[in-house]
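Structural characterization, general
Okay, here's what each chain looks like letter by letter:
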2 protein chains.
Amino acid sequence: MKQSIKVSVDAVVFGYDQEQEISILLIKRKFEPFQKFWALPGGLVKDDEALEDAVRRELKEEAGIDVNYLEQLYSFGKPDRDPRNRVVSVAYFGLVRPADYQLSAQTDAEDVAWFSIKKLPRLAFDHKAILEMAIKRLRGKLAYEPIGFELLDKKFPFSDLEKLYQILLDRELDRRNFKKKIMSYGFLEELNEIVQKKSGRPARLFQFNKKKYFELKEKGYNFDIFF
Amino acid sequence: MKQSIKVSVDAVVFGYDQEQEISILLIKRKFEPFQKFWALPGGLVKDDEALEDAVRRELKEEAGIDVNYLEQLYSFGKPDRDPRNRVVSVAYFGLVRPADYQLSAQTDAEDVAWFSIKKLPRLAFDHKAILEMAIKRLRGKLAYEPIGFELLDKKFPFSDLEKLYQILLDRELDRRNFKKKIMSYGFLEELNEIVQKKSGRPARLFQFNKKKYFELKEKGYNFDIFF
């Protein structure tokens, strides 16, 4: 069968920063279609390239960054999603600390920036739908595996973990219940160290038990903090 | 950029039957490569065809069946997964009652059959990996949304729902805890009707509250019966 469908990849890179809402990495398109529109970084897959290698290459080429952990989200394949020709796009997502990255727009991108997911520009193609699914998946993930290892300092007050979950979920938590639940899994260790926070009382520091954390992440759990 | 990657779809259709282990629908390949091997139903997507329409067409063509509900699983894209040329396959999965279907091998398939997932033949391509991911996803799904509506009779004794979960999870359940949890969500109604089972005491009948069931399915919950 003759087939003229092309395969691309797109990256939804979320940024977490204690002081702000979740942000998302976008590039400004240099060329038509959707010239000057903001879009997810991405592009066509090379014939001999694994899908994940393609998305890493595109992130490097268009935004100048290397993202540690990316996970496949979904494949978007509506016949009319690209005005040029049929393109099936395999979307990936990841979650990083923007402060760890120096952005640099290159190749097909004339600009690159972080945008709050609450103040988004109009996006090219079906990228709004891709982003919406990624947000839903990210929030769903919180329910079945631990998150935070790469996003918090090595040692942190418990309130930093609370803040992470509140920002990612975009709502208040039942704090006592949350702490009880989290501690019951054993992937978090209370240290015999105190930090003086900018405001409020001195706080005890915590750290992730790396081994238990990745064990739980691998096998999945059930977090039950959401209703 | 010139690209010569092709796009296919593959279907992992699980069968649930009270008397047996989970089964999986396979077709026997009529042509090379992997001629005479068993494989997942699937094939190339047509240029103007949505991905899900393609997988439905392939199930109809190769196995003679219409599957009500299919969900996208993952896209498999290793450069060497097909010896002919680069093919990225978007896999879908579903769960049905084999008794509801009359199988009929057609086009590229010279045979079609249900196999217990515990007694599988050697599969073509990377279909074993696709199947393994689908099993993992199916079991994960049990943790965050209700399952069973299409698989049980309209009215059923509670033990039928227990059996469903035990078979899908492939392990015993803490039965009292399971019942307490399930009933707490309100999507299951206890009827004022009794059935005489083949063995054991007469049992009360239950039915799904359709509205609540699909509400919970839509918004997702957290099932917490797994540890």
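Source: prediction; values computed, not measured.

Counting residues in each nonpolar core, the largest one holds 44 residues, and the members touching the most others are Val7 and Leu59 of chain A together with Val7 and Leu59 of chain B. Leu59 of chain B has contacts with Ala11, Val13, Leu25, Pro41, Gly64, Ile65, Val67 and Leu70 of chain B, leaving out every residue within four places of it along the chain.

Here we take up the sheet that holds strand β9 (residues 188-195) of chain B. All names here are of chain B. Spatial strand order, β8-β10-β9: three strands in an open sheet with antiparallel pairing. Edge strands, defined here as strands with exactly one partner in the open sheet, are β8 (156-157) and β9. Relative to strand β10 (residues 203-208), β8 is paired through two bridges, and the arrangement is antiparallel. Pairing of Phe156 across the sheet is with Phe206, part of β10.

Time to look at the packing of aromatic side chains. Counted under the stated rule, the structure contains 32 aromatic pairs over all chains. Centre to centre, the rings of Phe34 of chain B and Phe125 of chain B are 4.7 Å apart; their planes meet at 55 degrees, and the pair counts as tilted. With Phe34 of chain B in the loop between β2 (23-29) and β3 (38-39) and Phe125 of chain B in the loop between β7 (109-116) and α2 (127-141), this pair connects stretches of sequence that are 91 residues apart. Classification of Phe125 of chain B as buried rests on a relative accessible area of 18%. Aromatic rings pair up to connect Phe149, Phe156, Tyr185, Phe187, Phe208, Tyr213 and Phe214 of chain A into one cluster. Lying over the aromatic face of Phe158 of chain A, Lys179 of chain A brings its terminal NZ or CZ to 4.8 Å of the ring centre.

Here the focus is the packing of helix α3 (residues 158-169) of chain A against helix α4 (residues 175-184) of chain A. Residue and element names in this part refer to chain A. One way to put it is that α3 packs onto α4 with a least axis distance of 11 Å and a crossing angle of 105 degrees. As summarised for this structure, α3 and α4 are arranged roughly perpendicular, according to the angle between their axes. Counting all contacts with α3, which are made through Phe158, Leu161, Glu162, Tyr165 and Gln166, the residues of α4 involved are Arg175, Phe178, Lys179, Ile182 and Met183. Classifying every residue of the contact of α3 with α4 gives six nonpolar, one polar and three charged.

Residue and element names in this part refer to chain A. Within the fold, Ala63 resides in helix α1 (residues 51-63). In this structure, the C-alpha to C-alpha distance between Ala63 and Arg29, residues 34 residues apart in sequence, is 12 Å. Setting aside its immediate chain neighbours within four residues, Ala63 contacts Leu25, Glu58, Gln102, Leu103, Ser104 and Val112.

Here we take up the UniProt feature "domain: Nudix hydrolase" (unreviewed entry) in chain A. Here, UniProt's "domain: Nudix hydrolase" (unreviewed entry) annotation points to residues 4-139 of chain A. Regarding residues 4-139 of chain A, the helix share stands at 19% and the strand share at 34%, and the terminal C-alpha atoms are separated by 36 Å.

Attention now goes to the interface of chain A and chain B. The partner chain B presents 34 residues to the 34 residues of chain A that form the contact. The contact between chain A and chain B buries some 2,800 Å² in all, and 50% of this surface belongs to carbon and sulfur atoms. Counting the contacts that link chain A with chain B gives zero salt bridges. Scanning the region where chain A abuts chain B turns up 13 residue pairs in polar contact (both at pLDDT 80 or more). Of all the secondary structure elements, the ones that give two or more residues to the side of chain A that touches chain B are β1 (6-15), β5 (71-76) and β6 (87-96) of chain A.

Residue and element names in this part refer to chain A. Taking strand neighbours across the sheet as the criterion, the three strands line up as β8-β10-β9 in an open arrangement whose pairing is antiparallel. Each of the sheet's edge strands pairs with one partner strand only, and the pair in question is β8 (156-157) and β9 (188-195). As defined by bridge partners, β9 adjoins strand β10 (residues 203-208) across five bridges and the pair is classed as antiparallel. Paired with Glu190 across the two strands is Phe206, which belongs to β10.

So, how was this worked out
- One numbering rule holds for all chains: residues counted from 1, following each sequence as written.
- Chain letters and ligand numbers both follow the written order, the letters beginning at A and the numbers at 1.
- Restriction of local features to residues with pLDDT of at least 70 applies here, the model being predicted, together with a cutoff of 80 or more for giving and counting side-chain atom pairs; totals for whole chains, interfaces and linings are based on all residues.
- In computing side-chain properties, one takes all heavy atoms of the structure into account and sets aside hydrogens as well as water.
- Throughout this description, the term nonpolar core refers to a set of buried Ala, Val, Leu, Ile, Met, Phe, Trp, Tyr and Cys residues connected via side-chain atoms within 4.5 Å.
- For every residue, the accessible area obtained with a 1.4 Å probe (protein chains only) is divided by the maximum for its type, and the residue is called buried under 20%, exposed over 50%, and partly exposed between those limits.
- Note on definitions: a residue-residue contact is assigned when non-hydrogen atoms from the two residues lie within 4.5 Å.
- Between any two strands, pairing holds if DSSP finds at least two bridges.
- Secondary structure elements are taken from DSSP: a helix is a run of H or I of four residues or more, a strand is a run of E of two residues or more, and numbering for both begins at the N terminus.
- Under the pairing criterion, centres of Phe, Tyr and Trp rings, with the six-membered ring standing for Trp, must be within 6.5 Å; the plane angle then separates stacked pairs below 30 degrees from edge-to-face pairs above 60, leaving the rest tilted.
- For a ring to carry a charge above it, either NZ of a lysine or CZ of an arginine must fall within 6 Å of the ring centroid while also lying within 35 degrees of the normal to the ring plane.
- Helix axes use the C-alpha atoms of the stretch in contact, all axes being lines fitted to C-alpha atoms, and the angles between their N-to-C directions lie in the range 0 to 180 degrees.
- Orientation categories follow fixed angle ranges, with anything under 35 degrees roughly parallel, anything over 145 roughly antiparallel, 65 to 115 roughly perpendicular, and all other angles oblique.
- Residues are grouped as follows: Ala, Val, Leu, Ile, Met, Phe, Trp, Tyr, Cys and Pro are nonpolar; Asp, Glu, Lys and Arg are charged; every other residue, Gly included, is polar.
- UniProt positions are given in the numbering used here, feature names are shortened, and annotations may be inferred rather than shown by experiment.
- Buried area, as used here, totals the accessible surface that two parts lose on assembly, with accessibility defined by a 1.4 Å probe and the loss added over both.
- Salt-bridge detection follows one rule: a side-chain nitrogen of Lys or Arg within 4 Å of a carboxyl oxygen of Asp or Glu.
- Side-chain atoms alone can form a polar contact between residues adjacent in sequence; in general such a contact is a pair of N or O atoms within 3.5 Å, and within protein one must be able to donate a hydrogen while the other accepts it.

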